[in-house]
Amino acid sequence: MMEEQYYRIGEVSKITGVSKDTLHFYDKIGLLIPEYIDENNRYRYYSRWNLWQLDIITMCRKLDISIDQIRAVLQLHDNDKITQVLSEYQKEALRLSNYYKQVAEDIEWYKKENASVSKKEMDTEVRIKYLKEEKVIAGVLKREDSSYHANLQEAARNELMNSNSIRRRYGYILDLAKAEEGIFYKKREYLKIEEKNFKFVEPENVLILPAGEYAVTQVQINHDKADFTHLFDWLKQKGYTAGEIYAEEQGLQLFDYLHDYRCEIKVRIMQ
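Regarding the pattern of salt bridges
Under the defined criterion, the tally for this structure stands at 17 salt bridges. With its nearest N and O atoms 2.6 Å apart, the salt bridge here joins K101 to E105. Of this pair, K101 and E105 are both found in helix α5 (residues 79-118), 4 residues apart, which corresponds to roughly one turn of the helix. On the basis of relative accessible area, E105 is assigned to the partly exposed category, the value being 32%. Taking the shortest distance from any N to any O, the salt bridge between E244 and R268 comes out at 3.4 Å. Highlighted residues: E244 in strand β9 (residues 241-249) and R268 in strand β10 (residues 260-270), separated in sequence by 24 residues. Here E244 falls in the partly exposed class, since its relative accessible area comes to 31%. Among the residues examined, R268 registers a relative accessible area of 21% and is labelled partly exposed.

Pasting the structure below:
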């Protein structure tokens, strides 16, 4: 054996905390090859340089740098060039950090949405609210009326695919005359998302919900039936004329709830 001190794989594992299986794997893929192999017994021995290489590999793996990039780092032998490589990974790490922050916030948002859906009490009080103009994505009737959701999905597909967030709110334009009869008839479905630029939506699928004063309350929908009595009685007592009527689902649900759900109803007040 030469004067250089060498270490067997078990010793390296004990010194560094890297498992023998991992060391065998690094050897197999040519990432960390033991510097000395005994010709007689074929035992493989690691040098101090190998230990230094292993320290670099372990550091890079903790930074989630790929095996191929680690190879490149080991070959550089230049701290400035290594810093440049790590800077690129820093940019990616920041991007992922923002991504996972958004994911965590979206999960918290959905938990609140589910809590809203789970509320047993329904707020049937009618309030007047001034609502600003709002831009939404709306489906255009290309199929039969019962396919309103498929029409919306088609209209919003590209925008949702390019959105970083799951946050959304589904709403409907209702037939006012049918609502007065207790029928929840959806003339058109729309979707609210946080991004309002709509870079991937066709102009025909952009709908403007007008600004103005609205009578706002909640109703429970069951098999396309709903009791709007308290809303229309209130409008009559106040002497208001009903304009457009919109319904927005209270809480995003991921499972089938098509026959029994709660909506916030917004009727535009016409003087």
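What to know about the packing of helix α4 (residues 67-76) against α5
Between α4 and α5, whose axes approach to 9 Å, the crossing angle comes to 155°. In terms of orientation, α4 and α5 fall into the roughly antiparallel class. Side by side, α4 and α5 meet where Q69, V73 and L76 of the first sit next to K81, I82, V85 and Y89 of the second. Looking at the contact of α4 with α5 residue by residue, the class counts come to 5 nonpolar, 1 polar and 1 charged.

Remarks on the layout of surface pockets
Volume-wise, the second largest pocket comes out at about 240 Å³. Contributing to the lining of the second largest pocket are 15 residues, with E113, R168, R169, K192 and E248 lying nearest its centre. For the lining of the second largest pocket, the secondary-structure elements that each account for two or more residues are α5, β5 (168-174), β6 (186-193) and β10. It is α5 that provides the largest number of residues to the lining of the second largest pocket, a total of 3 residues. Grouping the constituent residues of the lining of the second largest pocket by class yields 2 nonpolar, 3 polar and 10 charged.

As for the packing of aromatic side chains
Taken as a whole and assessed by the stated rule, the structure comprises 11 aromatic pairs. Between the aromatic rings of F184 and Y261, the centroid separation amounts to 6.2 Å while the plane-to-plane angle is 85°, which identifies the pairing as edge-to-face. Taken as a pair, F184 in the loop between α7 (176-180) and β6 and Y261 in strand β10 lie far apart in primary sequence, 77 residues in all. Each member of the pair, F184 together with Y261, is buried. Taken together, a centroid distance of 6.3 Å and an interplanar angle of 50° make the contact between Y214 and Y246 tilted. Here Y214, found in strand β8 (residues 212-222), pairs with Y246, found in strand β9; they are 32 residues apart in sequence, far enough to count as distant. Residue Y214 is classed as buried on the basis of its relative accessible area of 2%. Using a relative accessible area of 5% as the deciding quantity, one classes Y246 as buried. Joined through ring pairs, the aromatic side chains of Y172, F184, F228, F232 and Y261 make up one cluster. The side chain of K186 reaches across the aromatic face of Y172, ending 4.5 Å from its centre.

A look at helix α2 (residues 20-28)
Of all the residues in α2, the buried ones are L23, Y26 and D27. For α2, the angular spread of buried residues about the axis comes to 100°, placing them on one side. Facing away from the buried side of α2 by over 90 degrees, the exposed positions are D21 and K28. At its buried positions, α2 is contacted by α1 (9-16), β2 (44-45) and α3 (48-62). At the exit of α2 stands G30, carrying a positive phi of roughly 80°.

What counts and what doesn't
Residues numbered from 1 in each chain as written. Predicted model: local features only at pLDDT ≥ 70, side-chain atom pairs only at ≥ 80, totals over all residues. Heavy atoms only, no water. Salt bridge = Lys/Arg side-chain N within 4 Å of Asp/Glu carboxyl O. Helix = DSSP H or I, 4+ residues; strand = E, 2+ residues; numbered from the N terminus. Buried < 20%, exposed > 50% of the residue type's maximum accessible area, 1.4 Å probe, protein only. Axes fitted to C-alpha atoms, helices over the stretch in contact; angles between N-to-C directions. Parallel < 35°, antiparallel > 145°, perpendicular 65-115°, else oblique. Contact = heavy atoms within 4.5 Å. Nonpolar A, V, L, I, M, F, W, Y, C, P; charged D, E, K, R; others polar. 1 Å grid on protein atoms, 1.4 Å probe; cavity = no way out; pocket = protein on both sides within 12 Å on 5 of 7 lines; lining within 4 Å. Points joined across faces, edges and corners; volume = space filled by probe spheres on them. Phe/Tyr/Trp six-rings, centres within 6.5 Å; stacked < 30°, edge-to-face > 60°. Lys NZ or Arg CZ within 6 Å of the ring centre and 35° of its normal. Arc of directions from axis to C-beta.

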